[in-house]
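# Notes for the structure review
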Amino acid sequence: MRIALGVSYNGSRYQGWQSQPSGNTVQDQLEAALGRFAAEKISTTCAGRTDAGVHGLMQVVHFDTRLQRSPNSWVRGTNAFLPRDIAVHWAREMPNSADGRPSFHCRTHATARRYAYVLLQSPVRPSIEAERVGWVFLPLQAHAMQQAAQALLGEHDFSSFRASGCQAKTPIKTLHRIDISFTPAGHAAMREDHAMPCGYWRFEFEGSAFLHHMIRNIMGCLIYIGQGKQPAAWMQQVLQARSRDAAAPTFSPDGLYFLGPVYDAHWNLPSSTPAFAWLPGSPL
């Protein structure tokens, strides 16, 4: 049978999702816990790999097994062997096709993928939120960033936002949505001269798929524009250049969260976990 899991993790101390010889990845930790619970070797496939330092609120994975267990047993049993910063939230036994083979694939059946970037705007670096939010100490202009983001919507060649080591077959992707919002932290968090409101920016991205470092490279450009280093029209120029050299430096992974894939309703899979409510800003 094929089992699907919804997994959340704090990626701060891991070398990304994908298995590495060091064993210090989220996939390595999850497969080790599944193997201990099931008493057999289990290999997982994920909906979208994340880089080192990137967090996941609802990574979806699947694996095949002959072991008969209830969904709740998979959740509690696997969590018993996972470190504190990784948790399985739900499990589902997925239906087989008419020939008895698994019909669900967490990657190929995803119709879209969602990410959020949370950014602290403050003259003082984050402490409690260290490694959980990005940081800027200069104010950002929402209108300029929103105007620039419009140039990225739709199907484009995103080579300018692609890491040199990207293994995607094509740089052509489709961005469906970019939402940008700001949540003030309150009067107590203002500078003494009241020159800059402190708070959290939330950037939400939804697209067909994403290139390696694509969102972090887009964030670098949006922040340049938000701080007035470049005009909003510069984003279109960067996109059309189809060259990584045309864009801003890659931004920090700290505030980047994989919100999870989007599936057709007939698969009957959850679309969020309780961790979604923890992020600052407006929920999806």
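Here the structure is a predicted model, which means the values were calculated and not measured.

### Focus on the overall build of the protein
- The helix and strand tally for the protein stands at five helices and 10 strands.
- Its C-alpha atoms give the protein a radius of gyration of 20 Å, within 12% of the compact-globule value 19 Å for 284 residues.
- Projecting the C-alpha coordinates of the protein onto the three principal axes gives extents of approximately 60 × 40 × 35 Å.
- Out of the 284 residues in the protein, the part that is buried amounts to 50%.
- For the protein, contacts bridging at least 24 residues in sequence account for 72% of all contacts bridging at least 6.
- For the protein, the accessible area works out to roughly 13500 Å², and carbon and sulfur atoms hold 50% of it.

### What about the nonpolar core?
- The biggest cluster of nonpolar side chains holds 41 residues, and the ones touching the most others in it are Phe-161, Phe-203 and Leu-222.
- Secondary structure elements with two or more residues in this core: strand S5 (112-121), helix H3 (142-149), strand S8 (172-184), strand S9 (199-207), helix H4 (214-226), helix H5 (234-241) and strand S10 (256-262).
- In terms of residue count, the dominant contributor to this core is H4 (eight residues).
- Those residues in contact with Phe-203, other than ones at most four positions away along the chain, are Tyr-115, Ala-116, Tyr-117, Leu-119, Met-145, Asp-179, Ile-180, Met-219 and Leu-222.
- In terms of nonpolar packing, the next biggest core, distinct from the first, is built from 23 residues, Tyr-14, Leu-30, Ala-38 and Phe-63 among them.

### Considerations on helix H1 (residues 26-38)
- Over its 13 residues, H1 extends 18 Å from the first C-alpha to the last, a length consistent with the 18 Å expected when each residue adds 1.5 Å.
- Across the 13 residues that make up H1, a large majority, 10, are buried.
- Listed as buried for H1 are Val-26, Gln-27, Asp-28, Leu-30, Glu-31, Ala-33, Leu-34, Gly-35, Phe-37 and Ala-38.
- Of the surrounding elements, those touching the buried residues of H1 are strand S1 (2-9), strand S3 (55-64), helix H2 (71-79) and strand S4 (86-94).

### A word on the packing of aromatic side chains
- Applying the stated criterion across every chain yields a total of 14 aromatic pairs.
- On the basis of an interplanar angle of 65 degrees and a centroid distance of 5.4 Å, the ring pair of Phe-104 and Tyr-263 is categorised as edge-to-face. You can see Phe-104 sitting in the loop between S4 and S5 and its partner Tyr-263 sitting in the segment after S10, a full 159 residues away along the chain. The burial state of Phe-104 is the same as that of Tyr-263; both residues are buried.
- Through successive ring pairs, a cluster of aromatic residues spans Phe-37, Phe-63 and Trp-74.

### Overview of unusual backbone geometry
- A positive phi angle is found at Ala-39, which is not glycine, with a value near 60 degrees.
- Within the secondary structure, Ala-39 sits in the loop between H1 and strand S2 (45-46).
- On the basis of relative accessible area, Ala-39 is assigned to the exposed category, the value being 70%.
- Unusually for a residue other than glycine, Asn-268 sits at a positive phi of about 55 degrees.
- A relative accessible area of 59% means that Asn-268 is categorised as exposed.

Reading the values: rules and limits
- Residues numbered from 1 in each chain as written.
- Predicted model: local features only at pLDDT ≥ 70, side-chain atom pairs only at ≥ 80, totals over all residues.
- Heavy atoms only, no water.
- Helix = DSSP H or I, 4+ residues; strand = E, 2+ residues; numbered from the N terminus.
- Rg over C-alpha atoms; globule rule 2.2 N^0.38 Å.
- Buried < 20%, exposed > 50% of the residue type's maximum accessible area, 1.4 Å probe, protein only.
- Contact = heavy atoms within 4.5 Å.
- Areas by Shrake-Rupley, 256 points an atom, 1.4 Å probe, with all protein chains shown as cover.
- Core = buried A, V, L, I, M, F, W, Y, C linked by side-chain atoms within 4.5 Å.
- Expected span 1.5 Å × (residues − 1).
- Phe/Tyr/Trp six-rings, centres within 6.5 Å; stacked < 30°, edge-to-face > 60°.

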